[in-house]
Amino acid sequence: MDANKKKVFGLSFLTVFLWASAFPLTKVAQEQFTSYSLGFLRCSAAAIFLIIIGKLCKIRLPQKKHIPLFFVSGGLGFTLYMITFNTGILTLTSATSSIIIAVTPILTAVVASKLYGEKIKPIGWAAILSAFCGVLILLLWEGVFSINIGLIWTLGASLVFCGYNIMTRRLSAMGYNALEIVTYSMICGAILLGFWAGQGFEQLSQASTSHIIALLYLGAFPSALAYFMWGKAMSFAERTSEVTNFMFVTPLLSTIMGFIILHEVPNAGTFIGGAIIIISIVIFNLKGK
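Residues numbered from 1 in each chain as written. Predicted model: local features only at pLDDT ≥ 70, side-chain atom pairs only at ≥ 80, totals over all residues. Heavy atoms only, no water.

### Focus: the overall build of the protein
Note the following rule: Starting at the N terminus, helices and strands are each numbered in turn, a helix being any DSSP run of H or I of at least four residues and a strand any DSSP run of E of at least two. Atoms counted for the radius of gyration: C-alpha only. Globule rule: 2.2 Å times the number of residues to the power 0.38. Each residue gets one of three labels from its accessible area relative to the maximum for its type: buried under 20%, exposed over 50%, partly exposed in between, using a 1.4 Å probe on protein chains only. In what follows, residue pairs with any heavy atoms lying within 4.5 Å of each other are defined as contacts. The charge count includes Lys and Arg as positive and Asp and Glu as negative, but it does not include His or the ends of the chains. Where a charge sits is defined by one atom per residue type, namely NZ (Lys), CZ (Arg), CG (Asp) or CD (Glu).
When helices and strands are counted, the protein shows 13 helices and zero strands. Put simply, the protein runs from its N terminus to its C terminus through helices and strands in the order α-α-α-α-α-α-α-α-α-α-α-α-α. The C-alpha atoms of the protein give a radius of gyration of 18 Å, which matches the 19 Å a tight globule of 289 residues would have. If one aligns the C-alpha atoms of the protein with their principal axes, the spans along those axes are about 45 × 45 × 40 Å. Counting across all 289 residues of the protein, residues that qualify as buried make up 51%. In the protein, once contacts between residues fewer than 6 apart in sequence are set aside, the share between residues at least 24 apart is 88%. Of the charged side chains in the protein, 19 are positive and 9 negative, and the gap between their average positions amounts to 12 Å.

Given below as structure tokens:
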């Protein structure tokens, strides 16, 4: 394995490890913080860390005419994502939530096929249908009339993050690098979440040390550092799939962490539906595009 491939492997694995840890630790933080205030505090902490990283890396300021685009990007990828993700995971296990979020790359590919004319092979459409069947199993496992509302919120999180991915592509085509995009999008996302600043600071003043540590961890590592490493991994990779393939590991890691940290045991529907979704995503990524 050459030096670049080692860097891609190391950075990609560390990124998905950090992203996986966000699922159980969000549930820990929500023992003290509401979904909205947690979103504001996490985004704000991440924005501060990203500004520090950005200063060290000497990133460029955005052009004034592009600032509204960063607000759209931040509004989708961080404001709406934090609200929907944090609300959804309240009634889901870490495993189920991570499996639903793992559908995002497929949703992004479908939207990109419509917007940019990117081709999806017939086997790719079959994989999409299969993944949808897996989602239905998760939704309806406990019975048609007892759909967990958390799954609906988390599907919403996947959809808005899909929108963020499309905006990232647009901003990248305009000449911004990955660190610039995530930094300015995170800042804009935190500004939009400022409606809950008062509530957030009030809850922060009453938080225990363990909850503050969980909050700072979520802002510094799964949000700021992980996105920075993801962008670096992309810069070293010869093909995008060398990096994105690691996303398949996230549900497994989050399931293990959920069991260790929260003693969560997924039900049979999570294993069956989750397996169908993950296999569908692997097939789609390897054969469908």
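From this point, the discussion proceeds with the structure in view.
### As for the packing of helix α5 (residues 104–115) against helix α7 (residues 149–173)
Filter applied, for reference: Between N-to-C directions, angles cover 0 to 180 degrees, with each direction set by a line fitted to C-alpha atoms, over the stretch in contact for helices. Geometric relationships in this document are graded by angle, where less than 35 degrees denotes roughly parallel, more than 145 denotes roughly antiparallel, 65 to 115 denotes roughly perpendicular, and other angles denote oblique. By definition, any crossing whose near helix is turned counterclockwise from its far helix by less than a right angle is left-handed, and any crossing with a clockwise turn is right-handed. Three classes are used: nonpolar for Ala, Val, Leu, Ile, Met, Phe, Trp, Tyr, Cys and Pro, charged for Asp, Glu, Lys and Arg, and polar for all others, with Gly counted as polar.
The interhelical angle for the contact between α5 and α7, taken along N-to-C directions, is 50°, at an axis separation of 9 Å. As far as their axial angle goes, α7 and α5 are oblique. As α5 packs across α7, the resulting crossing turns out to be right-handed. Touching T104, L107, T108, V111, A112 and L115 of α5 are S158, L159, F161, C162, N165 and I166, all from α7. Across the contact of α5 with α7, the residue classes tally to eight nonpolar, four polar and no charged.

### So, the environment of Q63
Note on placement: Q63 falls in the loop between α2 (35–57) and α3 (67–88). Spatially, the C-alpha atoms of Q63 and A268 are 51 Å apart, while their sequence positions differ by 205 residues.

### Re the packing of aromatic side chains
The following threshold applies: Classification of ring pairs uses Phe, Tyr and Trp, with its six-membered ring standing for Trp, and accepts pairs whose centres are within 6.5 Å; under 30 degrees between planes counts as stacked, over 60 as edge-to-face, and the remaining range as tilted.
A full pass over the atoms with the stated rule returns 14 aromatic pairs. Taking 5.2 Å as the distance between ring centres and 65° as the angle between the ring planes, the aromatic pair formed by F78 and Y164 counts as edge-to-face. Here Y164 lies in helix α7 and F78 lies in helix α3, a separation of 86 residues in the sequence. Owing to a relative accessible area of 5%, Y164 belongs among the buried residues under this scheme. Connected via pairs of aromatic rings, a cluster forms that spans W19, F23, F78, Y81, F85, F161, Y164, Y227 and W230.

### A few points about the pattern of salt bridges
Pairing is possible between side chains of opposite charge, provided their charged atoms come close. Operational definition: We count a salt bridge whenever a side-chain nitrogen from Lys or Arg sits within 4 Å of a carboxyl oxygen from Asp or Glu.
Enumeration over the complete set of coordinates arrives at two salt bridges. When the shortest N-O distance is used, the salt bridge between K27 and E264 registers 4.0 Å. You can see K27 sitting in helix α1 (residues 3–29) and its partner E264 sitting in the loop between α12 (250–262) and α13 (268–287), a full 237 residues away along the chain. The exposure classification of K27 matches that of E264, with both residues buried. A salt bridge links E180 to R60, with the shortest nitrogen-to-oxygen separation between them at 2.6 Å.

### Some words on the nonpolar core
Which entries qualify depends on this criterion: The criterion is simple. A nonpolar core is a set of buried Ala, Val, Leu, Ile, Met, Phe, Trp, Tyr and Cys residues joined through side-chain atoms within 4.5 Å.
Of all hydrophobic cores here, the largest spans 58 residues; its most connected members are F33, C43, F78, Y81, F85, V182 and M186. Every element with two or more residues in this core is listed here: α1, α2, α3, α7, α8 (178–192), α10 (209–236) and α12. With ten residues, the top contributor of residues to this core is α1. Residues contacting Y81, with those up to four places away along its chain left out, are L76, N86, I101, A157, V160 and F161. Core analysis: the second largest hydrophobic core is formed by 19 residues, V103, V135, L138 and F284 among them.

### Observations regarding the environment of G77
By the element assignment, G77 lies in helix α3. Taking relative accessible area as the criterion, G77 reaches 0% and is therefore assigned buried. Through-space distance from the C-alpha of G77 to that of N165 is 7.8 Å; in sequence the pair is 88 residues apart. Sequence-distant contacts of G77, defined by excluding residues within four places in its chain, comprise V160, F161 and Y164.

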